[in-house]
Amino acid sequence: MLCVHLRRKKGQVAVLLSSRADIRRGRRTAGAASSQWRRDLRAAEQATGIRTVGRLLGFGNWSQFGRELGAGGCGGGRGLVPVGEDRQSLSKQEMAHVSFKSKEVDSVPRWSEYLTAEESSPSASASWRATSVDGPQASASGGQRHLQMEPVVQLSKVAEGLLAKMYRLNSILDYPDPNTHTFSDAFWKAGVMPNFPKICTTMSKKFPEHPNKLQLEKVDKFALDALNENAEGYMRNLEQWIMLLLDLLEFREQVLRIILDLSSTVITLLPHQNSLILHAFMDLICSFVRVNLFSDKIPRKMILQVYNILHIMLKGGRDCEFYHRLVQFVDSYDPPVKGLHEDLNFVSPRIGEVLEAVGPIIFLSTDTKKLRNEGFLSPFHPRYPDILTNSAHPMRAQDLANVTSYREWVLLGYLVCPDELLRVTSIDVAMVVLKENLVLPLFRDEYILLHENYQHYVLPKVLESKRMAKSGRTKQKESDMEYNIAKQVEKMLTEVHEQALVACDAIHHERRILLKQEVGRMVLFFTDQPSLLAPNIQMVFSALALAQCEVVWYFQHVGIASSKSTRGRTVDIDATDPTIGFILDGMGKLCCLVRKYIAAIKGYALSYLSSCAGRIRFLLGTPRHGCS
């Protein structure tokens, strides 16, 4: 790798290129010579009139430049900087970022357990660096400001690690039900909790009351004595799981801080404006929601209470230092949806805007007739069959590739931000998605019942809004409209569960038939005409995304029992539906075609970007050689 060195020579600035090996050889003397470098560079600047030498290399001041040279590098591995490269474009690349990193987020080692070595490295999220934001956040000098998106992406990865660890604990404990305090024999024999059911269950039931006030000697004196005798061993068994609770607490604090910074900094979060930031933002919120919903499946109260009483026994009556923080955290998330309502209240309007914006794409994805008749998933133009490359709906075809994410956003978004259902168009968006789903997947095969949770946590909020609007109906017309919308939402939530039980399988079966036909036609067509694969690649991605969504939905819902109010009704889904096999086969063949012609697809994409270079230069306001 080459680096740029500047040296004073006869009043001129000479650019010398040296290798990393040369830099290593000079490291011994570089530190002592750093002040001499600064003097030479200042003299060179005065002699030649060049005022932007340091800026060309991305340094804000001479001291920083000297430190970098003293460290034996050139901008931390920025690479070769051509002499004629545009100063403005370089300065933009190295501008100060609007950083959302907190001290805790910067300390990657805290989350190293939940990240792979590749993900926890500083360069893991390089593609997210310097994500531009449009709007008045631009600096006073007219340049764009940038967002440091690595923490956002990294915390989404941490969420997956937390979910995996809770899933493992849940399987070790034989899938307990902490809410009803139902624990199997395997739970007590797993070696995590002390095998003293009476004491442990009492502490869990009486949470958040302090263990010292429970008079546990009256519950089971023999078990309490045995607990005291082997306190150190039991405490050791619980250490990694009490650390899991601490990690959940820390995760919550960091995520809320980053969501607040993002929502208050980025003005526009819509599918076609700042789309990368939007997806990172909503994916982080969904991961945050899923982590906290899943945490309700592990015995948080029992772990905390038992660990603290063991600490009291070993440390002379003192609580563990984090006990009261964890008690407050677990209590505020009991149940989790209640805590999520409070925590995400500040960002609720932003989420509501996003859910409204993705509504048209969700409506399109559910309209199988329109998808078929207008050729959204066909390489043939719908109105001109002789034209093989379908350019009728390029943007919509691209949007359909994200429809799985959009549906998850709607299901989780309205659950934790119920006030956004009172928007005029929100009821239609929610109705479409709720009518075709019965469960809300959390992680792998873990899920919660969708409509039961909406009935318990969303409907009461809607009824409260309805009562408030009714009390002000005589004073304001806005209250009258809000009252009418609340009535419609109430009716929808009370009826949509039965509609989903009756219609969801038919809706998805019709969609599977469409995808079976369209994916099969795509395989035949692109096998015969591979040159047309690259121009239609967005359509192929959309078809694969829709097919994947349907296959996952099918296996998530086969044999699922609905809520208790319907007496354990199961969804009548044919477990031998042949369309699943056809879709999986077609997906495999399409993926093989994409891999086979990946070079042609990349070439087409690069040529497309090259043809847009002029437009990109205009938007960025940079000279020709700055974007070439």
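Residues numbered from 1 in each chain as written. Predicted model: local features only at pLDDT ≥ 70, side-chain atom pairs only at ≥ 80, totals over all residues. Heavy atoms only, no water.

## Quick look at the overall build of the chain
The following threshold applies: The way it works is that DSSP assigns letters per residue, a run of H or I at least four long becomes a helix, a run of E at least two long becomes a strand, and they are numbered from the N terminus. The rule is simple: take the accessible area with a 1.4 Å probe, protein chains only, and divide by the maximum for that residue type; under 20% is buried, over 50% is exposed, in between is partly exposed. Every residue pair with non-hydrogen atoms within 4.5 Å of one another is taken to be in contact. Here the Shrake-Rupley method, with its probe set to 1.4 Å, supplies the accessible areas, and only the displayed protein chains count as covering residues.
Summing up its helical and strand segments, the chain has 30 helices and seven strands in all. Evaluated residue by residue, the chain yields a buried proportion of 48% over its 628 residues. For the chain, the proportion of contacts with a sequence separation of at least 24, taken over those separated by at least 6, is 72%. Accessible area of the chain: about 30900 Å², with a carbon and sulfur share of 52%.

## A few points about helix α15 (residues 300–314)
Owing to its 3.6 residues per turn, the α-helix brings residues three or four apart onto one side. Put simply, the rule is: Here, expected helix span is obtained from the residue count minus one, scaled by 1.5 Å.
For α15, with 15 residues, the first-to-last C-alpha span of 21 Å sits near the 21 Å given by 1.5 Å per residue. Of all 15 residues that make up α15, 13 are buried, and the element is covered over most of its length. Residue G316 follows α15 closely and has a positive phi angle near 70 degrees.

## Quick notes on a nonpolar patch on the surface
Just so we agree on the cut-off: Candidate patch residues must exceed 30% relative accessible area and have no salt bridge, after which like charges are joined if within 9 Å and Val, Leu, Ile, Met, Phe, Trp or Tyr side chains if within 5 Å. Salt bridge, as used here, is a side-chain nitrogen of Lys or Arg placed within 4 Å of a carboxyl oxygen of Asp or Glu.
Side chains of Y604, L606, Y608 and L609 sit close together on the surface and give an oily, nonpolar patch of about 440 Å² of accessible area. Relative to the assigned elements, Y608 resides in helix α28 (residues 598–611).

## A look at helix α8 (residues 150–172)
Over its 23 residues, α8 extends 33 Å from the first C-alpha to the last, a length consistent with the 33 Å expected when each residue adds 1.5 Å. Across the 23 residues of α8, 17 count as buried, placing the element largely inside the fold. Phi for D174, located one or two positions after α8, is positive at around 65 degrees.

## Considerations on the confidence of the model for the chain
What counts, and what does not: Looking at any residue, its pLDDT shows the predictor's confidence there, from 0 to 100.
Looking at the chain as a whole, its pLDDT mean stands at 77, while 70% of the residues score no less than 70. For the stretch residues 44–107, pLDDT sits under 50, and the model shows 111 contacts to residues farther than four places along the chain or on other chains. Low pLDDT, under 50, characterises residues 564–568; the stretch is placed with seven contacts to residues that sit more than four places away or in other chains.

## Considerations on the pattern of salt bridges
For side chains of opposite charge, pairing can occur when their charged atoms come near one another. Evaluated as defined, the whole model comprises 21 salt bridges. When the shortest N-O distance is used, the salt bridge between K297 and E446 registers 3.6 Å. A residue pair is termed long-range when its members are at least 10 positions apart, and K297 in the loop between α14 (275–295) and α15 and E446 in strand β7 (residues 446–449) qualify at 149 residues. The class for K297 is partly exposed, based on a relative accessible area of 22%. For the salt bridge of R511 with E550, the shortest nitrogen-to-oxygen distance reads 3.2 Å. Here the residue R511 occupies a position in helix α25 (residues 477–528), and E550 occupies one in helix α26 (residues 537–557), the gap between them amounting to 39 residues. Accessibility assignment for this pair places R511 and E550 in one class, buried.

## Here we look at the side chain of S204
Tracing the backbone shows S204 in helix α10 (residues 197–205). Taking the relative accessible area as the measure of exposure, S204 reaches 4% and is therefore buried.

## Comments concerning the nonpolar core
The nonpolar side chains of a soluble globular protein tend to be buried, and buried together. Rules: What is meant by a nonpolar core is a set of buried Ala, Val, Leu, Ile, Met, Phe, Trp, Tyr and Cys residues, joined one to another through side-chain atoms within 4.5 Å.
In terms of nonpolar packing, the biggest core is built from 124 residues, with F251, L293 and L344 touching the most fellow members. Considering each element in turn, this core owes the most residues, 17 residues, to helix α13 (residues 231–265). If you look at the next biggest cluster of nonpolar residues, it comprises 35 residues, including F526, I573, M587 and L593.

## Quick word on the pairing of β7
Both faces of the sheet carry side chains from a regular strand, because those side chains alternate between them. Selection criterion: A pair of strands is treated as paired once DSSP finds two or more bridges between them.
Of the two faces of β7, the one holding E446 and I448 is buried and the one holding Y447 and L449 is not buried anywhere. In the sheet, strand β6 (residues 439–443) pairs with β7 via four bridges, with the strands oriented antiparallel. Considered in β7, the bridge of L440 is made with I448.

## Notes on the packing of aromatic side chains
The condition is simple: For this analysis, a ring pair means two rings from Phe, Tyr or Trp (six-membered ring only for Trp) whose centres lie within 6.5 Å, classed as stacked if their planes differ by under 30 degrees, edge-to-face if by over 60, and tilted for the remaining angles. Here, a charge over a ring is recorded when the distance from Lys NZ or Arg CZ to the ring centre is within 6 Å and its angle to the ring normal is within 35 degrees.
This structure, assessed with the given rule, holds 13 aromatic pairs. Arranged with centres 4.8 Å apart and planes meeting at 85 degrees, the rings of F187 and W188 form a pair that is edge-to-face. Across this residue pair, the class does not change: F187 and W188 are buried. Relative to W409, the ring of Y406 has its centre 5.1 Å away and its plane inclined at 55 degrees; by these criteria the two rings are tilted. Taken together, the positions of Y406 and W409, both in helix α22 (residues 403–416) and three residues apart, correspond to about one turn of that helix. Residues Y406 and W409 agree in their burial class; the two are buried. By way of ring pairs, the aromatic residues W111, Y114, F251 and F288 are connected into one cluster. One cation-aromatic arrangement involves R444 over Y167; the distance from NZ or CZ to the ring centre is 5.1 Å.

## Observations concerning the packing of helix α18 (residues 348–357) against α22
How we decide: Think of each axis as a best-fit line through the C-alpha atoms, taken over the contacting stretch in the case of a helix, with angles from 0 to 180 degrees between the N-to-C directions. Crossing handedness is read from the near helix: turned anticlockwise from the far helix by less than a right angle, it gives a left-handed crossing, and turned clockwise, a right-handed one. Amino acids outside the nonpolar list (Ala, Val, Leu, Ile, Met, Phe, Trp, Tyr, Cys, Pro) and the charged list (Asp, Glu, Lys, Arg) are all regarded as polar, and Gly is one of them.
Between α18 and α22, whose axes approach to 10 Å, the crossing angle comes to 145 degrees. Taken as a pair, α18 and α22 cross one another with a handedness that is left-handed. Facing α18, whose interface residues are I351, V354 and L355, α22 presents W409, V410, G413 and Y414. Within the contact of α18 with α22, the residues separate by chemical class into six nonpolar, one polar and no charged.

## Examining the pairing of β6
Most of β6 is tucked away, with four of its five residues classed as buried. Between β6 and β7, which pair antiparallel in sequence order, lie two residues; one of them, R444, sits at a positive phi of approximately 50 degrees.

## Observations regarding the side chain of S365
The condition is simple: In protein, a polar contact requires one atom able to donate a hydrogen and another able to accept it; more generally it is a pair of N or O atoms within 3.5 Å, and residues adjacent in sequence count only if both atoms are side-chain atoms.
Structurally, S365 can be placed in helix α19 (residues 359–366). By relative accessible area, S365 is classed as buried at 1%. One polar contact links S365 to R407, side chain to side chain, over a distance of 2.9 Å. Residue contacts for S365: discarding those within four places in its chain leaves L371, L400, V403, R407, R511 and L546.

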